[in-house]
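The primary structure of each chain is shown beneath.
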Amino acid sequence: MQNFPFLSIFVTDMKQTITIIALLAAALSAAAQPAGRESWNSGWDFTKDGQTRTVNLPHDWGVEGEFNQEYPGETGKLPWWGRARYGKTLEVSAEDLAKDIRLEVDGAMSNASVFVNGIKAGGWAYGYSSWAVDITDRLREGKNRIEIVLDNKPESSRWYPGGGIYRNVWITKTEKTSVAHWGTFITTQMAAGKAIVYNKVTLKAPGTCIARISTRILYRDGNTEYIVAETRSVVEAYNGRTEVQDFEILNPRLWSPENPQMYIARTVVETEDTKDVYETPFGIRTAEFRPGGFYLNGKKTFLKGVCLHHDAGALGAAWNEDAWQRRLEMLKEMGCNAIRMSHNPPAPELLDMCDRMGFLVIDELTDTWTVPKKDNGYATLFEEWAEKDLTAMIRRDRNHPSIVLWSIGNECGEQGWPERWDIPRRLTDLCHREDPTRLTTAGNDNPGAAFTGYAETIDVYGFNYKPHLYEKFVEEHPTQPVYGSETASCISTRGFYRFPVEQEKGKGWTMEAPFQVSSYDLYAPGWASKPDYEWEYEDKVPECAGEFVWTGYDYLGEPTPFNMDPSVFTNFHTEEEKEAYRKMVAGWGQQISDVPLPSRSSYFGIMDLAGFPKDRYWLYQSRWRPEKPVAHILPHWTWPGREGEVTPVHVYTSGDEAELFLNGKSLGRKQKDGYRIVWDNVLYAPGTLEVVCYKNGREWARDKVQTAGKAAKLSAYADYEGEDLCYVAVDVLDKAGVLCPGASATIEFKVNGPAEIVATDAGDPTSHVPFYSHELPAFAGKASVIVRRTGNGPITVSASSKGLKKAKITL
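Just so it is clear, the structure is predicted and the values come from calculations on it, not from any experiment. (Residues numbered from 1 in each chain as written. Predicted model: local features only at pLDDT ≥ 70, side-chain atom pairs only at ≥ 80, totals over all residues. Heavy atoms only, no water.)

Observations regarding the overall build of the protein chain
Right, so step 1: Regarding its fold elements, the protein chain presents 8 helices and 45 strands.
Right, so step 2: Taking 2.2 N^0.38 as the reference for a compact globule, 811 residues should give roughly 28 Å; the C-alpha atoms of the protein chain span a radius of gyration of 27 Å, in line with that estimate.
Right, so step 3: Dimensions of the protein chain, computed from the C-alpha atoms along their principal axes, are close to 90 × 70 × 55 Å.
Right, so step 4: Counting contacts in the protein chain only where the partners sit at least 6 residues apart, residues at least 24 apart contribute 70% of the total.
Right, so step 5: As presented, the protein chain carries roughly 30,500 Å² of accessible surface, and 48% of it is formed by carbon and sulfur atoms.
Right, so step 6: When the 90 positive and 110 negative side-chain charges of the protein chain are each reduced to one mean point, those points stand 3 Å apart. (Helix = DSSP H or I, 4+ residues; strand = E, 2+ residues; numbered from the N terminus. Rg over C-alpha atoms; globule rule 2.2 N^0.38 Å. Contact = heavy atoms within 4.5 Å. Areas by Shrake-Rupley, 256 points an atom, 1.4 Å probe, with all protein chains shown as cover. Lys, Arg positive; Asp, Glu negative; His and termini not counted. Charge placed at Lys NZ, Arg CZ, Asp CG, Glu CD.)

Following this line, the structure appears as structure tokens:
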């Protein structure tokens, strides 16, 4: 530890209890870059299957295709595999050639090779890693041809990975002597109302020279910057030279989810005749995983998290700032304060966003070590690439204040193989080497592994779907923190309800059309549970540091329970469980032998693929935001033909009791016993169903649902307006303005003004209407269109459907 004067991790032994404290200030990796970094996204030649066209990056060729029902469900039924070539010309001046020039790729799916003027210059295999190639020596003055060739193999993913250069690409020009790529590492120590900030700077240089390193710590308020501290060092610079600078900040503004305050470290490297600037925004906070839970800035903080895959619904894997800003705003409103990046390093801009918006993050390496889940999955890369990928992830991301854990893997088969436990030990050691300030974790689904030596290979133990083991783990590992790394996996379809309402978790769907899952939030695959089950154990075991729900949003691929992918068997850990699942699948096969299952996206999300909240949204909001008045009734109340039949009513509320009224008549006032209030014996009658919720004896919140008449009109509203993208939602309403929850009218979208339609979706996991289509059927009475701005000025989006009054909105 004496080699790291900036080190801020402490282990104390008191009464046999080890408290591990990680203190750090962290930086925005995408923003922590040289001044000479330029976007290089526009105007690429793209060649695939013998066809060449011009595209702008980020680009996902898979989501541009049509759905094919013959494809396996885990593919998203989209053609994301294959070989492709991207090419572009780089103009280089004589002045440029005096500098170092590198090509930086935030993510390319996958097996990328870079060619400069026809000569291979480098590349990277793992499609989720960010990487860079120094192309200086292969450039000449004038025009240079840069090509990136991808070989995206089939059978390489359990979900939709996308295909193409789906994140940002940059050209970075720096002086020969400058801060190295990902060359700052900022940490802090807190004491007596002040923060000691350590800035470890790694240099690159062609030889040996004298350099001055000057760093200012800045606080930005709007467009005004204030100097908080500054220092300078004079060093002998050479390639790989490190210098640690320290600063003292009195009464620092601490970063937290409620108040994500950020600073900037501006580092200038000067030699006799060159000057290079490198900026690192960062935040100051303490993060402690103790045996009793997680503490942020000394305050116990429950991790109210979700797991997220990397696609953005109809946009596929292609990164877009507005799409993810919209997603995170909806999660924030729900009460979410944490995200597990499942199961790969995310786009660096997503971590920037988490820093700015105040989300705690688990950054994850991979879904697989050496035991394969897919024929061409990460197991084929592990031996050669795992250390490179993990090192790249940490060096890129270790400065983010949002990140609180490094996850080295998810549900890896080695959990039960003692002879392979050297793998997680080695990965944990690498994490500690690259970042001594953070702890490691993994998502673990093998129940027996938690009570073997495997548990000692990681610092913080994550359980996938094993809340009933929290208490036993705390008893047997009293010094090791624990949390739910994957929880619930409740499945549902927005707006779809099945009667009679069964309590058994496997009874919410049938293996026949319409291939949907009832939205009573009681249903889950064999290894999973409804949210209520998870919460019972969280409340019983206060040592549990938090949970990460699978998943925040529906995602492309992995359409459990309508998923025939053999990798599903990895979720079971006894022969009895596997045999039971085999028999169930065999039964499905007999029922659907003539036609493959249509489902192309998941049912796990709290929100659907289009971003519309499911009922579960309000269930989680009622638990995670107890201070917010929440009342939500399900199901909808339009059931022609069910008059007089039992139609159970569930109410999600942050109150403690509620009274239900049908057409003004009370159906009883009930106290919340658990996590929802249920009226099991309501007989359906058309009209108005209303709930009045109370808290501490006073009225707290209300909700109502009404029976809809015949569909009469469309209503359009701005779901989200961004700098680049706008989301417009359309509801199908009756003449009184009530949503028609069974409406499936085909809606045609048009746009006028400086904009273009990018995609449409309605959240139906079985729909095979291409995302690029300008018309699609509404699903459960709703549809959505994504519009991209192409210039300045107002944009008018219109929606029309035969027999319905048209809707129009101006943005």
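Considerations on the packing of helix 1 (residues 321-334) against helix 2 (residues 348-357)
Right, so step 1: It is at 11 Å that the axes of helix 1 and helix 2 come closest, and there the two elements cross at 40°. In terms of orientation, helix 1 and helix 2 fall into the oblique class. As for the relative orientation of helix 1 and helix 2, their crossing is right-handed in sense. Note on element contacts: helix 2 touches helix 1 through Glu349, Leu350, Met353, Cys354, Arg356 and Met357, opposite Glu321, Trp324, Gln325, Leu328, Glu329 and Lys332. (Axes fitted to C-alpha atoms, helices over the stretch in contact; angles between N-to-C directions. Parallel < 35°, antiparallel > 145°, perpendicular 65-115°, else oblique. Left-handed = near helix turned anticlockwise from the far one by under 90°.)

A short note on unusual backbone geometry
Right, so step 1: Here Ala513 and Pro514 are connected by a cis peptide whose omega angle stands at 15°.
Right, so step 2: Tracing the backbone shows Pro514 in the loop between strand 29 (482-488) and helix 6 (531-540).
Right, so step 3: Note the cis peptide between Leu634 and Pro635, where omega equals 10°.
Right, so step 4: Mapped onto the elements, Pro635 comes out in the loop between strand 31 (631-634) and strand 32 (649-653).

A word on helix 3 (residues 382-397)
Right, so step 1: Among the residues making up helix 3, those that are buried are Phe382, Trp385, Ala386, Asp389, Leu390, Thr391, Ala392, Met393, Ile394, Arg396 and Asp397.
Right, so step 2: The elements touched by buried residues of helix 3 are strand 10 (119-124), strand 14 (178-191), helix 2, strand 25 (360-364), strand 26 (403-410) and helix 4 (422-434). (Buried < 20%, exposed > 50% of the residue type's maximum accessible area, 1.4 Å probe, protein only.)

Topic: the pattern of salt bridges
Right, so step 1: Under the counting rule described, the total for this entry stands at 54 salt bridges.
Right, so step 2: Between Glu288 and Arg290 there is a salt bridge, with the nearest N and O atoms lying 2.9 Å from each other.
Right, so step 3: Residue Glu288 is classed as buried on the basis of its relative accessible area, which comes to 8%.
Right, so step 4: Of the charged contacts, one joins Glu321 and Arg356 as a salt bridge, the two residues approaching to 2.9 Å between their closest N and O atoms. Taken together, the positions of Glu321 in helix 1 and Arg356 in helix 2 put the pair 35 residues apart, joining distant regions of the chain. (Salt bridge = Lys/Arg side-chain N within 4 Å of Asp/Glu carboxyl O.)

Focus: the confidence of the model for the protein chain
Right, so step 1: Averaged over every residue, the pLDDT of the protein chain is 93; residues scoring 70 or more account for 92%.
Right, so step 2: This stretch, residues 1-30, has a pLDDT under 50; its non-local contacts, to residues over four places away or in other chains, come to 107 contacts. (pLDDT = per-residue confidence, 0-100.)

Regarding the nonpolar core
Right, so step 1: Ranked by internal contacts, the top residues of the largest apolar core, which has 177 residues, are Leu103, Ile135, Val306 and Tyr461.
Right, so step 2: When residues no more than four places from it in sequence are discounted, the contact partners of Ile135 are Leu90, Ile101, Arg102, Leu103, Val116, Ala121, Ile146 and Ile171.
Right, so step 3: Listed in part, the 29 residues of the second largest apolar core include Ala743, Ala762, Val785 and Val787. (Core = buried A, V, L, I, M, F, W, Y, C linked by side-chain atoms within 4.5 Å.)

Focus: the sheet that holds strand 31
Right, so step 1: Reading across from one edge, 31-32-35 is the order of the 3 strands in this open sheet, with antiparallel pairing throughout. The two strands at the open ends of the sheet, each matched to only one other strand, are strand 31 and strand 35 (677-679). Across the sheet, the mean angle separating the axes of adjacent strands is 15° when strand polarity is ignored.
Right, so step 2: With 3 bridges joining them, strand 32 and strand 35 adopt antiparallel strand pairing. Looking across to strand 35, one finds that His650 is bridged to Val678.
Right, so step 3: Along the sheet, helix 8 (residues 616-624) contacts strand 31 and strand 32; its crossing angle with strand 32, the most-contacted strand, is approximately 40°. (Pairing = 2+ DSSP bridges.)

Some thoughts on the environment of Glu279
Right, so step 1: Checked against the element boundaries, Glu279 lands in strand 20 (residues 275-290).
Right, so step 2: Residue class for Glu279 comes out partly exposed when judged on its relative accessible area of 24%.
Right, so step 3: At 2.5 Å, the side chain of Glu279 and the side chain of Arg266 are in polar contact. (Polar contact = N/O pair within 3.5 Å; in protein donor to acceptor, adjacent residues only side chain to side chain.)

A look at the packing of helix 3 against helix 4
Right, so step 1: Here helix 3 crosses helix 4 at 30°, and the two axes come no closer than 10 Å. Viewed along their axes, helix 3 and helix 4 adopt a mutual orientation that is roughly parallel. With respect to the hand of their crossing, helix 3 and helix 4 are arranged in right-handed fashion. Taken together, the residues of helix 4 that come into contact with helix 3 (itself represented by Phe382, Glu387, Leu390, Thr391, Ile394 and Arg395) are Ile423, Arg426, Leu427, Leu430, Cys431, Arg433 and Glu434.
Right, so step 2: Grouping the amino acids of the contact of helix 3 with helix 4 by side-chain chemistry returns 7 nonpolar, 1 polar and 5 charged. (Nonpolar A, V, L, I, M, F, W, Y, C, P; charged D, E, K, R; others polar.)

Re the sheet that holds strand 23 (residues 303-308)
Right, so step 1: The sheet built from 8 strands closes into a barrel, its strands ordered 23-24-25-26-27-28-29-30 with parallel pairing. Strand-to-strand twist in this sheet, taken as the mean axis angle between neighbours without regard to direction, amounts to 25°.
Right, so step 2: Taken together, the 4 bridges between strand 23 and strand 30 (residues 544-550) define a ladder with parallel strand orientation. Paired with Leu303 across the two strands is Gly546, which belongs to strand 30.
Right, so step 3: Each of strand 24 (338-341), strand 25 and strand 26 touches helix 2; the most contacted strand, strand 24, lies at about 165° to it.
Right, so step 4: Together, strand 29 and strand 30 form the strand contacts of helix 6, whose direction differs from that of strand 30 by roughly 170°.

A look at the side chain of Asn337
Right, so step 1: Mapped onto the elements of the fold, Asn337 is located in the loop between helix 1 and strand 24.
Right, so step 2: Taking relative accessible area as the criterion, Asn337 reaches 8% and is therefore assigned buried.
Right, so step 3: A polar contact is formed between the side chain of Asn337 and the backbone nitrogen of Lys304, at a distance of 2.7 Å.
Right, so step 4: Apart from the residues within four sequence positions on either side, Asn337 is in contact with Pro257, Thr301, Phe302, Leu303, Lys304, Gly305, Gly358, Phe359 and Leu360.

Some remarks on the packing of aromatic side chains
Right, so step 1: Inspection of the entire model under this criterion finds 36 aromatic pairs.
Right, so step 2: Relative to Tyr555, the ring of Trp550 has its centre 5.8 Å away and its plane inclined at 80°; by these criteria the two rings are edge-to-face. Both residues of the pair, Trp550 and Tyr555, count as buried.
Right, so step 3: Ring plane angle 70° and centroid distance 5.4 Å describe the contact between Tyr617 and Trp618, whose orientation is recorded as edge-to-face.
Right, so step 4: Judged by its relative accessible area of 6%, Tyr617 is buried.
Right, so step 5: The exposure class of Trp618 is partly exposed, given its relative accessible area of 25%.
Right, so step 6: Counting every residue linked through ring pairs, the aromatic cluster contains Trp421, Phe451, Tyr454, Tyr461, Phe463, Tyr470 and Phe473.
Right, so step 7: Directly above the ring of Trp385 sits Lys388, whose terminal nitrogen or CZ lies 4.5 Å from the centroid.
Right, so step 8: Between Arg669 and the ring centre of Tyr694, over which it is positioned, the NZ or CZ distance is 3.7 Å. (Phe/Tyr/Trp six-rings, centres within 6.5 Å; stacked < 30°, edge-to-face > 60°. Lys NZ or Arg CZ within 6 Å of the ring centre and 35° of its normal.)

With respect to the pairing of strand 24
Right, so step 1: Alternating positions in strand 24 separate into two faces, Ala338 and Arg340 on one and Ile339 and Met341 on the other, with burial throughout.
Right, so step 2: In this structure, strand 23 lies alongside strand 24, joined through 4 bridges in parallel fashion. What sits directly across from Cys307, in strand 24, is Arg340.
Right, so step 3: Sheet topology note: the strand 24/strand 25 ladder contains 3 bridges and is parallel. Following the sheet pairing, Ile339 is matched in strand 25 by Val361.
Right, so step 4: The handedness of the strand 24 to strand 25 crossover, carried by helix 2, is right-handed. (Right-handed = clockwise from strand over helix to strand, strands pointing away.)

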